[in-house]
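Structure at a glance
Now for the letters of each chain:
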Amino acid sequence: MRTFTKATIGFASAGILIAGLAGCSSDAGTTTPAPASSSSSSDSASADATPLASIPSLSGVDTAVLLDADFGAALTSLGLAAGTVGTATLEEGSLHFPITGGNVDYYDPAEDYRPFVQGSIEHEGSGFSLTAGDIVVELTNFTIDPGTSELFGDVSVNGESAATQALLFDLYGGTLEPLKMDGDNAILTGTTVHISSVAAGLLNSTFSTDAVADQMLVGIATITAATK
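Remember, predicted model here, so these are calculated numbers, not experimental data. (Residues numbered from 1 in each chain as written. Predicted model: local features only at pLDDT ≥ 70, side-chain atom pairs only at ≥ 80, totals over all residues. Heavy atoms only, no water.)

**Focus: the overall build of the chain**
Across its full length, the chain holds 3 helices and 13 strands. Out of the 228 residues in the chain, the part that is buried amounts to 49%. Excluding contacts between residues fewer than 6 apart, the proportion of contacts in the chain whose partners are at least 24 apart in sequence is 64%. (Helix = DSSP H or I, 4+ residues; strand = E, 2+ residues; numbered from the N terminus. Buried < 20%, exposed > 50% of the residue type's maximum accessible area, 1.4 Å probe, protein only. Contact = heavy atoms within 4.5 Å.)

Structure representation (structure tokens):
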């Protein structure tokens, strides 16, 4: 895991806000995956609400996904080869996507403001590719909505745009682990990443298959942030 040196938030805020980014507000004992947001995205904090903590400008953060073995086996069975795009890297079975911008506000979950985590987390200039024969699909420029626990991104096929900021992955926090520290870095892991129905449809159509299932597990996400 790479480390980051830019100060963004104090330890207490890091624990709260990174938890929000990871979609951890769902009950850790839940056995059926459900989005972490505790209410629909149509609700919003009132204009006069004051967040308990805020990161007005995100940077120095890495979102990594440890690829699930069954997901890798599914790609192999379909004859798909995975690769990185742009600034993304593959390290010890994990895809790493640098966070390039965004902002997050955290409101008191005991109050009525919903969703109590709001903002966006941007990953411009990185992503991953899936290749079969002469077909290359690239999923890039990921944006996480922490309020809905959804990940959006751009899709291209052989260099031609197929979708812009489509809903690609759903994030679930039912297996989230407690916050850990590694020096000045706050680390939260355990959020599972699942292929959305939209992404499954796009991939099945492009590669002429029906093997990419809605909510197929992609892997386990880890978010690392420097606290000072």
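More follows now that the structure is in view.
**Thoughts on the confidence of the model for the chain**
Per-residue confidence for the chain averages 78 on the pLDDT scale, and 75% of its residues sit at or above 70. Within the model, pLDDT remains below 50 along residues 1-20, and this stretch shows 57 contacts once partners closer than five positions in the same chain are excluded. When the criterion is pLDDT under 50, residues 22-45 qualifies, and its contacts beyond four places in sequence or with other chains add up to 49 contacts. (pLDDT = per-residue confidence, 0-100.)

**A word on helix H3 (residues 197-206)**
Within the sequence span of H3, burial applies to Ala199, Ala200, Leu203 and Asn204. When H3 is viewed along its axis, its buried side chains cluster within an angular range of 125° and face the same direction. Positive backbone phi, approximately 55°, marks Ser208, located one or two places after H3. (Arc of directions from axis to C-beta.)

**Here we look at the nonpolar core**
Of all hydrophobic cores here, the largest spans 42 residues; its most connected members are Phe128, Leu139, Phe142, Leu168, Phe169 and Ile195. For Leu139, the contacting residues outside a window of four places in its chain are Ser126, Gly127, Phe128, Asp154, Val155, Leu168 and Phe169. (Core = buried A, V, L, I, M, F, W, Y, C linked by side-chain atoms within 4.5 Å.)

**Observations concerning the environment of Thr63**
Examined against the element boundaries, Thr63 turns out to sit in strand S2 (residues 61-67). A C-alpha to C-alpha distance of 8.7 Å links Thr63 and His123, two positions 60 residues apart in sequence. Aside from chain neighbours lying at most four places away, what touches Thr63 is Leu95, His96, Phe97, Ile99, His123, Thr222 and Ile223. One polar contact links Thr63 to His123, side chain to side chain, over a distance of 3.1 Å. (Polar contact = N/O pair within 3.5 Å; in protein donor to acceptor, adjacent residues only side chain to side chain.)

**Describing the side chain of Ser129**
Locating Ser129 in the fold gives a position in strand S7 (residues 117-132). Using a relative accessible area of 10% as the deciding quantity, one classes Ser129 as buried. With residues up to four places along the chain from it excluded, the contact list for Ser129 reads Ala81, Ala82, Gly83, Thr84, Val85, Val136, Val137 and Glu138.

**Overview of the pairing of S7**
Bridge count between strand S3 (residues 81-86) and S7: 6 bridges; the pairing is antiparallel. Across the sheet, residue Gly86 finds its bridge partner in S7, namely Ser126. As paired elements, strand S6 (residues 101-106) and S7 share 6 bridges and run antiparallel to each other. Bridging from a neighbouring strand, Gly101 pairs with Glu122 of S7. (Pairing = 2+ DSSP bridges.)

**With respect to the environment of Leu78**
Along the chain, Leu78 falls in the loop between helix H2 (69-77) and S3. Residue Leu78 is classed as partly exposed on the basis of its relative accessible area, which comes to 27%. For the pair Leu78 and Phe207, spaced 129 residues apart in sequence, the C-alpha to C-alpha distance is 8.6 Å. Other than its neighbours up to four places away in sequence, Leu78 contacts Thr209, Ala211 and Val212.

**Quick look at H2**
Among the residues of H2, those classed as buried are Phe71, Ala74 and Leu75. The buried residues of H2 occupy one face: seen down the axis, they fall within an arc of 100°. Opposite the buried face of H2, by more than 90 degrees, sit the exposed residues Ala69, Asp70, Thr76 and Ser77. If you check the start of H2, you find a side-chain oxygen 3.0 Å away from the backbone N of Asp70, and it comes from Asp68. Of the residues flanking the end of H2, it is Gly79, one or two places downstream, whose phi is positive at about 75°.

**Things to note about unusual backbone geometry**
The phi dihedral of Glu92 is positive, around 50°, even though this residue is not glycine. Unlike most non-glycine residues, Asn141 shows phi in positive territory, near 55°. Checked against the element boundaries, Asn141 lands in strand S8 (residues 135-145).

**Description of the pairing of strand S5 (residues 94-98)**
Most of S5 sits out of view: 4 of its 5 residues are buried. With 3 bridges connecting them, strand S4 (residues 89-91) and S5 associate as antiparallel partners. Across the sheet, the residue bridging to Thr89 is His96, located in S5. Once S4 ends, the chain turns through 2 residues before running back antiparallel as S5, passing Glu92 with a positive phi of about 50°.

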